[in-house]
Each structure stands twice: as C-alpha cells, then as structure tokens.
Amino acid sequence: MSLPETMRAVRFHAESGKLSLETVAVPRPGPREVVVRVAACGICHSDLSQFDGHIPAQLPAITPGHEASGTVAAVGSDVRHWQVGDRVAIAAGRACGRCRSCVFGGTIDDCEALEVMAFAYDGAWAEYVVTPGVSLISVPDNVPMEQAAVLADAVATPYGALETADLRMAQSVGVWGLGGIGSHLVQLARLAGASPIIGLDPVAGVRDRALALGADFVLDPLAADTPDRIKEITDGRGLRVAFDCVGRTSTVAQANGVLGQRGKVVLVGISAENIELGREGSFLGRRHAVIGHLGYKMKHLSDLVELVSRGRLDLSASVSAVLPLEDFEEGIRRLREHDGHPIRVLLKP
C-alpha cells in the first residue's frame, strides 16, 4: 500500500493557543516505525489541559490525540511483526532511548522518561499517525475500532491504577469524579471484585451512569452528610482505597478523611490546582498512604483487548459520540460542557 502525500490533521499552536484543521504531509516510517491509518481517536481531558496551558506545551505546534486505533498502512524496514492491514490499538508512548533503562536494553514499560504521544510527538487527530512498532497491540475482528481507541488511556489508565493500588477482592473502594477515567474505574473495580464500590460526583446524571456501570452506591461529594454515609456503608471501617480522578485539594482531603486504617488515596486525575495534603498527623496515626498514578503498561492494554474480545468487559456505553475530524471543536465543547455526560467523544477521519 502506498501512502498519499498529504492528509488532514488538527494542529494545536502553542503560542496562539489556537486549533485548526490543516493539510500536512503524511508521515513516513523510520526503520522501527509503523504508519497507522487512523480509524478513531478520543478527545481526552489531558488534551484540553494542554490547550488551556495547565500542561505546558513541549512543541510550538503539534497534532493532539493519544487514544487511537486503526489499521497498519506502512511498516519500516526493521519491523517484522506488523503487516499492512493489521488492526491495532496505539499505545500513547515511546521510549526516550536515552535514559539508563533504554541504554541497557529495557522495554518501553521500563523507560524512565517516556515520551507521550500528542505532547512530545504528533498524535492521532489526523488521517495517519506514525508510531514505534513496539507501541502497537493487535485488535481482533470482534472488537469495534471505536472501543479499541477508548482502551488506550481512558480504560488502560484506570486499569493500571488498580495495580498501583494493589486492589484485592472484597476491599472497599471510593471513586471521586465519574468522567471517562472514573466511570471505567468503577467497571474495572467491579470486575476485580472490589466491594462495596462507591462513586462520587456532583452531577446526578453522571452518578446514575455509574450505578448502571457497577457502582454499589453513588453520592454527591458536596453533600454535608457524605463522609457519614461512607462510614455507614463501610460499617464504620472506612474505605480501603480512594481513587481521586479530580485532582483537587478538596477531593483529596475528603477521600483521606474517610479512609480506614492503612487506607490508600491513589491520585489519578489532573487539574491546574496545587494539591495540599493537610496535617502530617492525619496520615501518621492511621498509616494512610498517598500514591500517584499516571499511564499504563503495554501488558495492561493487551489485557484489556483480551477482556473486551472475550465479552468480560463491556465498553458499549463508553463512546458517547463519533464525530468527523472537521467537527473537533464540537467534540471539545461536548467534553467541556458535559453535554450528554460523555465518557468519550471520538473523532473519525
């Protein structure tokens, strides 16, 4: 298959803060790279954080989008595992090639300075995207490409967060913020056997969705009696694990306040706010831990493809809308304004 010379791509220009649909050159693969014809790519809150300046831009201009699936369109000379036409999900990272782990032969999961797609190099709000061959996972024919796109980050990041928390069966879980990451955390925590699972979000419709996805209880974090309700639900023991998918001092403080002995707060969400953890004594006395989590491993993405393919994980409600690439501004608006309480809005070239 020969590649075209040009393609459409959404470009973010850091100095002006503007996005535009442009005609650009189709990338060519290096020796160890693969070019993928994009089938779908998600709009993520971290994309919005770069547009807003909360995540500093690394390049003057870049193509956003790091939750993508597609078919292999071209392979580099040293790539042996992939062939044109293969269906793939794209992991949103590449090894830096410079850190100690990379120098001594580590895998992409071992890289100490992983470069993230759509921030360090061009992403997939485009017709084609180039990526290292080792950053791809095969997608079976029975997994819709839209769902495969959602896996890369919106599902894989919370899946990795369960590992970070060392979550065990029958442990109590609270999830603060029930957007894309939080909603999938609810599903995955249930699949992992957590009990009870409590979802917290100020939007009633979002709470209802979490119930449908597997939460045992849903609460409004702004309600005065919420801490008492959590203690009641857990028979006075408090939560074993609290996942904060919001990234604010208020949510971290509330989560820490309802943890049981040796409980953990796992920070998953990103915001522009500086997090204050409060007084040291609140952590020392009950042996609480605060753990940061970011991203996922290639194995996580592979596991999730398996779970969806086998019917163990249902992502049929995860795609709120699929819009053509030129409607990227409408997709961003829907996500910002919670229009329809979207889990993921996808762009399709």
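Overview of the structure. Note that this is a predicted model, so its numbers are computed, not measured.

Details of the sheet that holds strand β13 (residues 217-219)
- With respect to topology, 6 strands assemble into an open sheet ordered β13-β12-β11-β14-β15-β16, the strand pairing being parallel. What marks the edges here is a single partner per strand, and that holds for β13 and β16 (289-292). Strand-to-strand twist in this sheet, taken as the mean axis angle between neighbours without regard to direction, amounts to 20°.
- With 4 bridges joining them, strand β11 (residues 173-176) and strand β12 (residues 197-200) adopt parallel strand pairing. Among the inter-strand pairings, V175 is bridged to a residue of β12, identified as G199.
- Relative to the sheet, helix α7 (residues 249-257) contacts β11, β12, β14 (239-244) and β15 (259-267), its axis offset from that of β15 by approximately 155°.

A word on the sheet that holds strand β1 (residues 6-13)
- Spatially, 3 strands are ordered β2-β1-β4 in an open sheet, and the strand pairing comes out antiparallel. Whereas interior strands pair on both sides, the edge strands pair on one side only; in this sheet they are β2 (18-25) and β4 (61-62).

A few points about helix α10 (residues 328-336)
- Three or more residues of α10 are buried, namely F328, G331, I332 and L335. All buried residues of α10 fall inside an arc of 100° around its axis, so they share one side.
- Its buried side turned inward, α10 meets β1, β2, α1 (45-52), β17 (319-324) and β18 (344-348).
- Taken from the residues just after α10, H338 is the one with a positive phi, measuring 55°.

With respect to the side chain of H293
- Inspection of the secondary structure assignment puts H293 in the loop between β16 and α9 (298-309).
- Assessed through its relative accessible area of 11%, H293 is described here as buried.
- Of note is the side chain of H293, whose polar atom sits 3.3 Å from the backbone nitrogen of A161.
- Separated by 2.8 Å, the side chains of H293 and T164 make a polar contact.
- Discounting chain neighbours no more than four positions away, the residues touching H293 are T157, G160, A161, T164, V266, L267 and V268.

Notes on unusual backbone geometry
- For the bond from S195 to P196, the omega torsion is -10°, close enough to zero to count as cis.
- Residues other than glycine seldom take positive phi values, yet D235 does so here, at roughly 55°.
- Tracing the chain through its elements places D235 in the loop between α6 (226-233) and β14.
- Even without glycine at this site, H338 takes up a positive phi of about 55°.
- Note on placement: H338 falls in the loop between α10 and β18.

A short note on α9
- Here α9 is 12 residues long and its end C-alpha atoms lie 17 Å apart, about the 16 Å a rise of 1.5 Å per residue gives.
- Restricting attention to buried positions, one finds in α9 the residues M298, H300, L301, L304, V305, L307 and V308.
- Those residues of α9 that are buried are in contact with β6 (87-90), β10 (136-138), α3 (145-165) and α4 (180-191).

Section: the pattern of salt bridges
- Inspection of every chain in the model, using the stated rule, returns 20 salt bridges.
- With its nearest N and O atoms 3.4 Å apart, the salt bridge here joins E115 to R98. Here E115, found in strand β8 (residues 115-116), pairs with R98, found in the loop between β7 (93-94) and α2 (100-103); they are 17 residues apart in sequence, far enough to count as distant.
- E115 sits in the buried class, given a relative accessible area of 16%.
- Classification of R98 by relative accessible area gives exposed; the value is 60%.
- In this structure, E330 and R333 form a salt bridge, with 2.9 Å as the shortest nitrogen-oxygen distance.

Overview of the packing of α3 against α9
- Here α3 crosses α9 at 115°, and the two axes come no closer than 9 Å. Handedness of the α3/α9 crossing: right-handed. Here α3 contributes Q147, L151, A152, V155, A156, Y159, G160 and E163 to the contact with α9, which in turn contributes H300, L301, D303, L304, V305, L307 and V308.
- The residue inventory of the contact of α3 with α9, partitioned by class, reads 10 nonpolar, 3 polar and 2 charged.

Cut-offs applied
- Residues numbered from 1 in each chain as written.
- Predicted model: local features only at pLDDT ≥ 70, side-chain atom pairs only at ≥ 80, totals over all residues.
- Heavy atoms only, no water.
- Pairing = 2+ DSSP bridges.
- Helix = DSSP H or I, 4+ residues; strand = E, 2+ residues; numbered from the N terminus.
- Axes fitted to C-alpha atoms, helices over the stretch in contact; angles between N-to-C directions.
- Contact = heavy atoms within 4.5 Å.
- Buried < 20%, exposed > 50% of the residue type's maximum accessible area, 1.4 Å probe, protein only.
- Arc of directions from axis to C-beta.
- Polar contact = N/O pair within 3.5 Å; in protein donor to acceptor, adjacent residues only side chain to side chain.
- Expected span 1.5 Å × (residues − 1).
- Salt bridge = Lys/Arg side-chain N within 4 Å of Asp/Glu carboxyl O.
- Left-handed = near helix turned anticlockwise from the far one by under 90°.
- Nonpolar A, V, L, I, M, F, W, Y, C, P; charged D, E, K, R; others polar.

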